[in-house]
Amino acid sequence: MTFRTIIEPFRIKVVEPIRLTTQAEREAILCDAHYNLFLVRADDVIIDLLTDSGTSAMSSEQWAGVMRGDESYAGSRSYYFFEETVREIFGFRHVIPVHQGRAAERILFSLVCKPGCVIPNNTHFDTTRANIEYLGGRAVDLPCPELSDTATPHPFKGNMDTDALERLIAEVGAENIPLVMMTLTNNSGGGQPASMANIRAVSQICRKHGIPFYIDACRFAENAYFIKHREPGYADKTPLEIAREMFSYADGCTMSAKKDGLANIGGFLCTNDDALAQQERELLILTEGFPTYGGLAGRDLEAMAIGLREVLDEHYLQYRIRSTSYLGEHIAREGVPIVQPPGGHAIYIDAGRMLPHIPPLQYPGQSVVVELYRLGGVRSCEIGSVMFAQRDAETGAEQPAPRELVRLAIPRRVYTQSHVDYVVEVILEVYRRREQLRGYRITWQTPFLRHFSCHFEPL
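Worth saying up front: this structure is predicted, and the values here are computed from it rather than measured.

**Describing the pattern of salt bridges**
Oppositely charged side chains may form a pair once their charged atoms are brought near each other.
And then number 1: This model, assessed by the stated rule, comprises 32 salt bridges.
And then number 2: Ionic pairing is found between Asp 48 and Arg 379, a salt bridge with its closest N-O pair at 2.7 Å. Taken together, the residues Asp 48 in strand β1 (residues 47–48) and Arg 379 in strand β10 (residues 378–379) connect sequence positions 331 residues apart.
And then number 3: Measuring nitrogen to oxygen at the nearest pair gives 3.4 Å for the salt bridge that ties Glu 398 to Arg 391.
And then number 4: On the basis of relative accessible area, Glu 398 is assigned to the buried category, the value being 15%.
And then number 5: Each of Asp 52, Arg 219, Glu 222, Asp 260, Arg 320 and Arg 412 takes part in a single network of salt bridges with overlapping partners.

**What to know about helix α1 (residues 23–32)**
And then number 1: Among the residues making up α1, those that are buried are Arg 26, Ile 29 and Leu 30. All buried residues of α1 project into a common sector of 100° when viewed along the axis, lining one side. Set apart from the buried face of α1 by more than 90 degrees, the exposed residues are Ala 24 and Asp 32.
And then number 2: Those residues of α1 that are buried are in contact with α14 (364–376).
And then number 3: Just past α1, the residue His 34 takes up positive phi, approximately 55°.

**Some remarks on empty space enclosed by the protein**
A probe as big as a water molecule, rolled over the atoms, marks out the empty space that is left.
And then number 1: Inspection of the entire model under this criterion finds two cavities of 30 Å³ or more.
And then number 2: Every residue along the wall of the largest cavity is listed here: Asn 36, Leu 37, Phe 38, Gln 366, Val 369, Ser 380, Cys 381, Glu 382, Val 386, His 451 and Phe 456.
And then number 3: At the level of elements, α14 and β11 (381–383) are the ones that each hand at least two residues to the lining of the largest cavity.
And then number 4: Looking at side-chain class alone, the lining of the largest cavity contains six nonpolar, four polar and one charged residues.
And then number 5: Put simply, the second largest cavity is a space of about 50 Å³.
And then number 6: As for the second largest cavity, its lining consists of Ile 47, Leu 49, Leu 327, Ile 410, Tyr 415, His 419, Val 420 and Val 423.
And then number 7: Of all the elements, helix α16 (residues 417–432) adds the most residues to the lining of the second largest cavity, at three residues.
And then number 8: Split into classes, the residues belonging to the lining of the second largest cavity amount to seven nonpolar, one polar and no charged.

What counts and how
- Residues numbered from 1 in each chain as written.
- Predicted model: local features only at pLDDT ≥ 70, side-chain atom pairs only at ≥ 80, totals over all residues.
- Heavy atoms only, no water.
- Salt bridge = Lys/Arg side-chain N within 4 Å of Asp/Glu carboxyl O.
- Helix = DSSP H or I, 4+ residues; strand = E, 2+ residues; numbered from the N terminus.
- Buried < 20%, exposed > 50% of the residue type's maximum accessible area, 1.4 Å probe, protein only.
- Arc of directions from axis to C-beta.
- Contact = heavy atoms within 4.5 Å.
- 1 Å grid on protein atoms, 1.4 Å probe; cavity = no way out; pocket = protein on both sides within 12 Å on 5 of 7 lines; lining within 4 Å.
- Points joined across faces, edges and corners; volume = space filled by probe spheres on them.
- Nonpolar A, V, L, I, M, F, W, Y, C, P; charged D, E, K, R; others polar.

Read these as layout, nothing more, since geometry by itself doesn't imply function.
Next comes the structure, spelled out in structure tokens:
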């Protein structure tokens with residue numbers, strides 16, 4: 001017999017207390033943090049939905065792996081267990097551990113990205129874009145047309161626009177594109193998955209033009225689960241089988257295991273290119289560590305390998321996707337505009353539609369982020385013009401991002417349904433007060449990745 005209620009497929013063994021701040025305390029905290037939630041101490045947050053990166057609760061088996069970790073400098077047993085696991089799932093010849101995903105991006109792009117090069121993606125996330133632009137490259141987003149309408153459901157809004165990819169290759173020349181990348185799931189686009197058909201089509205275009213194809217694999221298991229349930233022909237396949245097919249179309253990948261690795265730290269870089277792998281290992285030794293630890297402790301390699309196996313469990317994935325959509329469905333039912341359908345790792349509020357009276361360059365997303373914390377102690381993340389505004393090449397004027405979103409990223413295996421119900425209440429209270437909200441201006445910022453540290457003041 002099948003029951004409607006989908007329960008967490010785990011029991012809670014250890015708990016961590018939450019400090020319940022008052023609204024008056026949070027107003028003072030916001031002022032001290034210059035209204036940037038990245039600058040707020042975690043102890044001052046009630047429900048932390050800033051990111052799902054590195055915030056997972058590890059399993060008992062992962063903690064047991066921590067105790068088994070081999071801390072040998074070279075040739076660690078934990079490394080070979082990790083390497084075997086990655087090869088089994090991802091299928092690439094060379095597996096290079098790093099301390100997190102952006103380290104993999106930095107090593108890869110340092111070797112392939114030259115000034116003036118162009119790197120397409122379905123949608124680049126913040127560190128990917130920054131690593132490319134820091135080296136003088138141009139990061140080009142080629143999302144599918146369906147992504148532009150946040151309100152209309154489409155099963156695979158994370159797809160890349162293959163016609164636009166062909167046009168870009170014809171415009172700039174294949175020789176100026178060192179690789180094409182796809183982010184799975186599409187984080188900046190609302191945590192939306194890409195279909196297997198689209199991944200295959202992008203791969204075929206790359207092979208036709210002799211361009212390497214890479215996957216940003218941060219949330220590969222969630223993408224595989226969406227393919228299983230939304231794409232014809234995959235209902236009877238396991239998430240592992242689907243993941244293997246996804247990566248069979250690629251020449252390499254970057255991975256932050258702090259997401260679908262269920263680990264608190266770690267990542268890796270994979271490739272099938274022998275010569276490139278040798279260069280990557282040389283750079284790894286220079287900046288991260290010996291190739292069999294890559295800036296990580298053996299215990300971290302163990303936890304990461306175990307997490308990569310656990311994340312493909314269908315019961316876990318069913319709970320994961322359903323718990324995220326539960327939040328989205330409850331707030332959308334009351335009129336809160338979100339990216340539809342709900343994403344895999346997060347719900348994205350469309351702040352541009354929610355606060356039409358606040359212009360994009362007065363940062364409506366930041367206004368929502370601040371109010372969620374002020375009223376309820378819920379920390380979230382702006383994914384709009386604070387994070388992704390561009391400068392006009394001729395005038396230097398700031399150009400708004402395509403969408404003004406607020407991401408509510410759900411940590412894995414951390415919060416219960418009552419926590420989510422509380423978040424629903426806070427969001428709905430902010431929504432009721434939406435006409436009273438005002439914009440913000442930036443008073444200080446850095447040249448790259450400004451959202452992590454910039455200062456705001458209310459208008």
